[in-house]
Amino acid sequence: MEAYVILKSLWWLLLGVLLMGLAIMVGMDMGVGTLLRFVGRTDTERRVALNTIGPHWDGNQVWFILGGGAIFAAFPLIYATAFSGLYVVMLLLLWTMIVRPLGFEYRSKLPGTGWRNAWDWMLFLSGFLPMVIYGAAIGNMLDGVPFHFDWDMNSHYTGSFITLFNPFAVVTGLVSLSLSIYMGGAMLMGRTEGAVYQRARKAVIGGGLIGAALFALAGIWVSFLPGYQLVAAPDPGAAQTPLQQTVTVASGAWLHNFGAHPALWLVPVLGFAGMLLGTLAAGNHKPILTWWLGALAWIGVIGTAGAAMFPFMMPSSSDPSQSLTVWNSVSSEHTLAWMTGWTAVFVPLVLWYTSWAFYVMRGKVKSETIEADEHAY
Amino acid sequence: MKTFWLFLVYLLIALLVIVLGIILGDIGPWYFAWLVGTVMIVLISAAGGALLDTQEDEKQSPRA
Amino acid sequence: MINGTVVALSRWQFAMTALYHFLFVPLTLGMTFLLAAMETVYVTTGKQIYRDMAQFWGKLFLINFALGVSTGLTMEFEFGTNWSFYSGFVGDIFGAPLAIEGLMAFFMESTFVGLMAFGWQRLTKVQHLIVTYLVALGSNLSALWILVANGFMQDPQGAKFNPLTMRMELHDFPALLFSPDAQDKFVHTSIAGYVTASVFVLGVSAYYMLHQRHMALAKRSFRMAALFGVLATAGVITLGDALGFVGGHAQPSKLAAMEAMWHTEAPPASFNVAAIPSQREQRNLWTLQIPCVLTPLITHTMTQTVPGVDTLEAQAVQRIKNGIPAVEALKELSGNPNDAQAMAQFDAHQADLGYGFLVQRYAPNQDVALATSGDIAKAARDVIPQVAPIFWSFRVMVAMGLLMLAFFIAAVIFTLRNDAEKHRWLLKLALWMIPVPFVACEMGWLVAELGRQPWTVYQMLPTWMAASSHSVGYMVFSLAGFLLLYSIFIAVEMYLMVKFIRLGPSAHGSESPTRGGGSAGTYAPAAMLK
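Not measured: the values here are computed from a predicted model. (Residues numbered from 1 in each chain as written. Chains lettered and ligands numbered in written order. Predicted model: local features only at pLDDT ≥ 70, side-chain atom pairs only at ≥ 80, totals over all residues. Heavy atoms only, no water.)

Colleague: Kindly report on the overall build of chain A, identifying the contributing residues and their values.
Modeller: A count of helices and strands for chain A gives 14 helices and six strands. For chain A, the C-alpha radius of gyration of 21 Å lies close to 21 Å, the compact-globule estimate for 377 residues. Residue burial in chain A is summarised as follows: out of 377 residues, 63% are buried. Expressed as a percentage of contacts within chain A between residues at least 6 apart in sequence, the contacts between residues at least 24 apart total 80%. When the accessible surface of chain A is summed, it comes to about 12,900 Å², and 73% of that surface belongs to carbon and sulfur atoms. Considering chain A, the positive charge centre built from 17 side chains and the negative charge centre built from 18 side chains are found 16 Å apart. (Helix = DSSP H or I, 4+ residues; strand = E, 2+ residues; numbered from the N terminus. Rg over C-alpha atoms; globule rule 2.2 N^0.38 Å. Buried < 20%, exposed > 50% of the residue type's maximum accessible area, 1.4 Å probe, protein only. Contact = heavy atoms within 4.5 Å. Areas by Shrake-Rupley, 256 points an atom, 1.4 Å probe, with all protein chains shown as cover. Lys, Arg positive; Asp, Glu negative; His and termini not counted. Charge placed at Lys NZ, Arg CZ, Asp CG, Glu CD.)

Here you go:
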């Protein structure tokens with residue numbers, strides 16, 4: 001196989017890894033945000049919950065930024081088409097997300113109850129909504145989005161923003177929300193004790209079970225959903241635009257990859273196993289195991305969507321032949337090669353110092369320490 | 001012996017820095033200037049702070 | 001096809017959100033290194049007061065940092081949401097530095113900023129110091145990659161247009177990274193951040209000194225910020241000159257606008273200190289000139305010609321004519337990538353592809369084949385950006401820079417004599433100086449980005465075609481949303497900032513015995529009391 005095809009496939013995988021990293025790390029923080037009001041009944045309890053991720057949320061958020069950067073660099077046409085097509089949704093995602101850093105940093109700076117309650121609800125909103133949108137965006141990709149290109153690759157989105165919240169997308173959005181609640185709960189279990197711990201544990205079990213049920217529902221739904229198939233296209237290794245291919249739409253076509261490679265069924269199985277075994281681990285008071293099983297569940301869930309769609313990334317429902325695939329939306333060989341080099345050097349480094357940071361801040365967050373520490377949130 | 005190894009490690013780092021400095025100075029002179037300049041600004045400012053401590057000590061207990 | 005109102009609104013939105021973002025960035029860039037300097041003194045001398053300083057200023061830094069992070073997220077989204085054609089057109093080359101920024105710099109900055117704030121009890125002194133340095137390095141490396149990306153828009157180095165994918169592609173990464181424009185711009189911007197942080201720390205310290213509060217902390221912070229600032233300001237001015245030198249060669253149209261040079265003069269040309277430029281009449285209605293200064297200022301020689309607006313417009317006409325066949329060929333290739341004749345035509349004319357795009361706007365049905373000489377003349381006039389705002393933004397920036405240099409020199413003289421607190425005028429002036437670097441930074445960006453017009457990527461991609469094809473309604477919705485959110489944000493931030501400055505270091509429960517010292521000038525180092 002030629003180098004360019006390998007690089008294209010590698011970056012499809014790397015993008016998947018980033019989307020998983022984002023879901024695991026940012027999803028966890030957002031889960032804590034969503035749960036904040038519910039696991040913490042008193043101000044001190046809420047501060048405990050907030051401080052479990054206090055030292056890490058900023059670093060974790062970079063997974064999100066890097067996810068955006070990697071789509072921009074490796075799949076510019078996806079970045080351009082998806083971000084502009086889903087304009088209103090993207091803005092809602094952005095606006096809720098930009099409130100989050102302020103929520104963390106400013107909430108406990110002033111003592112007023114009104115002030116703190118307001119920020120608590122901001123943190124709830126900025127945990128809840130982005131995760132629903134994140135899942136709904138993946139659901140919309142499976143569903144297809146109405147867009148087409150001019151001769152010069154200028155894209156036009158022809159749907160309304162309401163259609164982006166179609167029932168299927170809502171289900172995938174709720175899968176994502178459930179998993180983020182699960183992960184937030186797992187983190188809280190690992191770093192808190194007493195009442196907060198107990199409530200977080202319930203959230204994990206609820207999130208895991210509901211998530212698994214919705215994931216199953218989405219899976220059955222997909223088998224009836226119109227899927228996209230490449231009929232004729234330039235060689236995968238060729239430099240190309242989406243104007244040169246033919247695509248057909250057939251109900252249930254998203255399952256063809258699984259039919260052709262039955263081993264792929266292991267990916268959704270991993271998703272279910274992660275969620276269900278994770279629920280058991282939480283029941284048995286094993287927070288670290290719970291967290292890692294949740295991470296595996298995310299890998300399974302996002303992997304399932306990727307495996308079903310490959311090589312499609314963003315199918316066009318209004319002009320299927322202009323659908324964006326791995327082959328036609330990817331960057332040049334030169335860019336991919338350079339990016340691979342940077343990734344190979346820096347991702348291990350990032351993982352190393354991130355784990356060091358978690359190691360330094362290890363242990364339970366206690367209310368006494370928070371009240372004594374002027375730097376605590 | 002430990003000191004000797006430390007000496008060797010530092011020597012190696014110094015050589016590496018010199019080689020990198022030569023390369024960077026060649027292709028990225030302003031990047032090089034930023035590196036050197038930032039270090040200088042930080043150190044001079046730090047030295048200025050430490051100097052103030054000395055001046056204050058002098059003011060408190062002037063030498064006879 | 002392209003709605004001019006949407007493009008204009010997209011430009012306003014990007015400009016507002018970017019300028020807003022840059023209210024918080026400079027303080028981050030400089031404050032981190034100032035914090036590192038303070039902590040260095042703490043670690044080397046063991047004096048508690050420097051730890052208090054690092055913690056107190058660190059607290060103000062974090063209030064500012066949160067908004068920097070928030071508004072930075074907007075920037076990352078906005079290329080895709082509002083400049084989708086641009087994103088597809090240059091994503092191959094522009095996305096790479098942004099992704100590397102996340103990978104190499106932003107992870108470092110963000111991971112360690114958490115440890116910097118929360119790790120005082122858990123890390124050793126030296127570990128914490130290293131963490132602080134890594135935050136400083138990380139935030140400045142972020143700036144590096146962003147400015148490499150911006151440098152590409154100003155002077156597209158290391159890229160090549162690929163007609164098979166209809167976009168610009170990377171073909172020389174080192175050329176992108178070491179582009180002279182990117183280098184100068186990064187150093188200029190980073191050091192402008194140092195200046196901003198110095199003025200801020202100096203101003204707040206002066207406020208305490210005026211009110212005889214926290215004298216030990218204020219005097220030391222004043223001293224360190226003054227030295228930090230004077231060196232940084234000198235650096236910023238040097239790099240500003242370098243940027244003018246490099247930019248003058250790479251972007252003659254920006255230079256002509258900065259200097260309001262409507263007509264090419266025989267060297268050595270005269271310098272307009274002040275002028276009232278009229279874009280419509282293409283001349284200055286009034287000027288204050290110094291003869292023979294412009295040429296050495298820009299070219300560092302006495303003999304090189306600096307092209308004026310008239311020369312540049314004449315050149316543009318030729319390039320537009322040459323660019324039209326390139327656009328025509330590209331259209332053919334879009335339908336049939338194997339068309340050898342079209343490919344040959346494209347190759348022959350591709351150097352002026354961007355100029356072909358420029359005239360597309362005025363051509364009937366946006367078909368360049370139908371462009372008349374009148375359309376070409378209109379497009380040629382477009383290559384000169386709006387002179388008056390660029391001319392004046394530039395002058396305000398330079399004036400602010402020189403003002404800060406003078407101020408820092410005065411501050412250094414008095415602080416080195418250790419009697420700055422006796423000169424109330426200096427302290428009051430220091431307070432008034434706080435907005436100055438912010439204004440200068442914003443003006444600098446106005447010059448850089450307005451001066452790049454009509455291009456998004458200089459001479460490659462005109463701004464008018466770079467925006468997403470949204471409806472006006474969408475743009476009004478997003479602008480209103482940003483306006484509302486950002487107004488609330490700045491109000492909250494300013495409130496907290498002022499509140500915590502008023503409270504002073506004592507509010508953060510430091511164990512230092514020197515805090516809140518009521519009596520002026522009397523101070524005992526923490527170490528002596530132990």
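Colleague: Tell me what's going on with the overall build of chain C, and back it up with residues and numbers.
Modeller: For chain C, the helix and strand inventory stands at 18 helices and six strands. A compact globule built from 530 residues would reach a C-alpha radius of gyration of about 24 Å, and chain C, at 26 Å, matches this within 12%. Once the C-alpha set of chain C is aligned to its principal axes, its extents read approximately 85 × 50 × 40 Å. Going through the 530 residues of chain C one by one, you find that 64% of them count as buried. Nonlocal contacts in chain C, meaning residues at least 24 apart in sequence, comprise 78% of its contacts between residues at least 6 apart. Distance between charge centres in chain C, computed from 32 positive and 32 negative side chains, equals 16 Å.

Colleague: Give me the environment of His470(C): which residues, what numbers.
Modeller: Along the chain, His470(C) turns up in the loop between β6 (461-462) and α17 (472-503). Residue class for His470(C) comes out buried when judged on its relative accessible area of 11%. Separated by 460 residues in sequence, His470(C) and Ser10(C) have C-alpha atoms that sit 9.3 Å apart. Residues contacting His470(C), with those up to four places away along its chain left out, are Ser84(A), Tyr87(A), Val6(C), Thr81(C), Asn82(C) and Met475(C). Reaching out from His470(C), the side chain makes a polar contact with the backbone oxygen of Thr81(C) at a distance of 2.7 Å. (Polar contact = N/O pair within 3.5 Å; in protein donor to acceptor, adjacent residues only side chain to side chain.)

Colleague: Account for the pattern of salt bridges, naming residues and giving values.
Modeller: Residue and element names in this part refer to chain A. By the definition in use, this model includes 20 salt bridges over all chains. Across the pair Arg 37 and Asp 120 runs a salt bridge whose closest N-O atoms are separated by 3.2 Å. Here Arg 37 is found in helix α1 (residues 3-39), whereas its partner Asp 120 is found in helix α6 (residues 113-143), with 83 residues between them in sequence. Taking relative accessible area as the criterion, Arg 37 reaches 16% and is therefore assigned buried. A single salt-bridge network, built from bridges that share partners, covers Arg 37, Asp 43, Arg 46, Arg 107, Arg 116 and Asp 120. (Salt bridge = Lys/Arg side-chain N within 4 Å of Asp/Glu carboxyl O.)

Colleague: Tell me about the interface of chain A and chain C, residues and numbers included.
Modeller: Facing 78 residues of chain A, the contacting portion of chain C comprises 90 residues. Here chain A meets chain C over a buried area of about 7,600 Å², counting both sides, of which 73% is carbon and sulfur. For the interface between chain A and chain C, the tally reads zero salt bridges. Across the contact surface, chain A and chain C share 19 residue pairs in polar contact (both at pLDDT 80 or more). Among the secondary structure elements, those contributing two or more residues to the side of chain A that touches chain C are α3 (57-74), α4 (76-85), α5 (87-106), α6, β2 (155-157) and α13 (333-360) of chain A. Broken down by class, the residue content of the side of chain A that touches chain C amounts to 50 nonpolar, 21 polar and seven charged. (Buried area = accessible area lost by both parts, 1.4 Å probe. Nonpolar A, V, L, I, M, F, W, Y, C, P; charged D, E, K, R; others polar.)

Colleague: Describe the pairing of strand β4 (residues 283-290) of chain C, naming the residues involved and giving the relevant values.
Modeller: Residue and element names in this part refer to chain C. Of the pairings in the sheet, the one linking strand β3 (residues 271-278) to β4 comprises seven bridges and is antiparallel in character. Along β4, the bridge assignment pairs Ser 278 with Arg 283. Here β3 folds back onto β4, and the loop between the two strands holds four residues, one of which, Gln 282, carries a positive phi near 55°. (Pairing = 2+ DSSP bridges.)

Colleague: Quick one: what's the story with the environment of Asp150(A), residue by residue and with numbers?
Modeller: All names here are of chain A. Checked against the element boundaries, Asp 150 lands in the loop between β1 (147-149) and β2. When the C-alpha atoms of Asp 150 and Ala 186 are compared, they prove to be 47 Å apart, with 36 residues separating the residues in sequence. Here the side chain of Asp 150 touches His 156 through a polar contact of 2.9 Å, side chain to side chain.

Colleague: An account of the interface of chain C and chain B is requested, with residue identities and associated values reported.
Modeller: With 39 residues of chain C at the contact, the number on the chain B side is 25 residues. Buried surface at the junction of chain C and chain B, both sides included, amounts to about 2,800 Å², of which 66% is carbon and sulfur. Taken as a group, Phe178(C), Gln183(C) and Leu231(C) account for 19% of the area that chain C buries against chain B, more than any other trio of residues on that side. Scanning the region where chain C abuts chain B turns up two salt bridges. Taking the shortest distance from any N to any O, the salt bridge between Glu56(B) and Lys219(C) comes out at 2.6 Å. Between chain C and chain B we count 16 residue pairs in polar contact (both at pLDDT 80 or more) in total.

Colleague: Just give me the short version of the environment of Ala377(C), but keep the residues and values in it.
Modeller: Note on placement: Ala377(C) falls in helix α13 (residues 373-382). Distance in space between the C-alpha atoms of Ala377(C) and Ala314(C) is 9.2 Å, their sequence separation being 63 residues.

Colleague: Could you give an account of the nonpolar core, naming the residues involved and the relevant values?
Modeller: By size, the foremost hydrophobic cluster in this structure holds 317 residues, and its most contacted members are Phe75(A), Trp57(C), Tyr86(C), Phe94(C) and Phe200(C). Looking at this core, the element that brings in the most residues is helix α3 (residues 84-118) of chain C, giving 22 residues. In this view, Trp57(C) contacts Met31(C), Leu35(C), Met38(C), Phe200(C), Val201(C), Val204(C), Ser205(C), Leu217(C) and Ser221(C); residues no more than four positions away in its chain are not counted. Within the second largest apolar cluster, seven residues are counted, among which are Leu255(C), Met261(C), Phe271(C) and Ile298(C). (Core = buried A, V, L, I, M, F, W, Y, C linked by side-chain atoms within 4.5 Å.)

Colleague: Hey, could you go over the domain arrangement of chain C for me, with residue numbers and the actual values?
Modeller: All names here are of chain C. In terms of domain boundaries, chain C breaks down into domain 1 (23-254 + 385-508) and domain 2 (265-306). Taken over C-alpha atoms, the centre of domain 1 sits 31 Å from the centre of domain 2. Taken together, the contact pairs ten residues of domain 1 with twelve residues of domain 2. Note on domain 1 versus domain 2: buried area summed over both sides is about 890 Å², and carbon and sulfur give 55% of it. Of all residues in domain 1, Phe 245, Phe 391 and Arg 395 bury the most surface against domain 2, accounting for 41% of the area lost on that side. If you look at where domain 1 meets domain 2, you find zero salt bridges. In terms of residue count, the dominant contributor to the side of domain 1 that touches domain 2 is helix α14 (residues 387-416) (five residues). (Domains from an automatic or database assignment.)

Colleague: Can you lay out a nonpolar patch on the surface for me, pointing to particular residues and giving the numbers?
Modeller: A cluster of nonpolar side chains, contributed by Met1(B), Phe4(B), Trp5(B), Phe7(B), Leu8(B), Leu11(B), Leu15(B), Ile18(B) and Ile22(B), occupies part of the molecular surface with about 970 Å² of accessible area. Checked against the element boundaries, Leu8(B) lands in helix α1 (residues 2-27). (Patch = residues over 30% accessible without salt bridge, like charges linked within 9 Å, V, L, I, M, F, W, Y side chains within 5 Å.)

Colleague: Account for unusual backbone geometry, with residues named and values stated.
Modeller: Residue Pro311(A) follows Phe310(A) across a cis peptide bond; omega there is 0°. The peptide bond linking Gln453(C) to Pro454(C) adopts the cis configuration, its omega dihedral lying at 5°. Its place among the elements puts Pro454(C) in the loop between α16 (435-450) and β5 (455-457). Of note, Asn365(C) is a non-glycine position whose phi angle comes to about 55°, a positive value. Here Asn365(C) lies in the loop between α12 (353-360) and α13. Overall, Asn365(C) belongs to the exposed group, its relative accessible area being 75%. Phi is positive for Gln366(C), close to 55°, though the residue is something other than glycine.

Colleague: With reference to specific residues and values, describe the packing of aromatic side chains.
Modeller: Residue and element names in this part refer to chain A. Applying the stated criterion to the full structure yields 64 aromatic pairs over all chains. With centroids separated by 4.5 Å and ring planes inclined at 40°, the aromatic side chains of Tyr 79 and Phe 83 adopt a geometry described as tilted. You can see Tyr 79 and its partner Phe 83 sitting in helix α4, four residues apart, about one turn around the helix. For Tyr 79, a relative accessible area of 0% corresponds to the buried category. (Phe/Tyr/Trp six-rings, centres within 6.5 Å; stacked < 30°, edge-to-face > 60°.)

Colleague: Go over the arrangement of the chains, please, and point to the residues and values.
Modeller: Highest in contacts among the two pairs of chains that touch are chains A and C. Spatially, chain A is disjoint from chain B: no contact exists, and the shortest C-alpha separation is 18 Å.

Colleague: I'd like a description of the packing of helix α10 (residues 309-335) of chain C against α13(C), backed by residues and values.
Modeller: Relative placement of two packed helices is described by the angle separating their axes and the distance separating the axes. Residue and element names in this part refer to chain C. Where α10 meets α13, the axes come as close as 9 Å, and the angle between the chain directions of the two elements is 125°. Judged by the inter-axis angle, α10 sits oblique to α13. Between α10 and α13 the crossing geometry is right-handed. Within the contact between the two elements, α10 uses Glu 313, Ala 316, Val 317, Ile 320, Lys 321 and Ile 324 and α13 uses Ile 376, Ala 379, Ala 380 and Arg 381. Here the contact of α10 with α13 is built from residues that sort into seven nonpolar, no polar and three charged. (Axes fitted to C-alpha atoms, helices over the stretch in contact; angles between N-to-C directions. Parallel < 35°, antiparallel > 145°, perpendicular 65-115°, else oblique. Left-handed = near helix turned anticlockwise from the far one by under 90°.)

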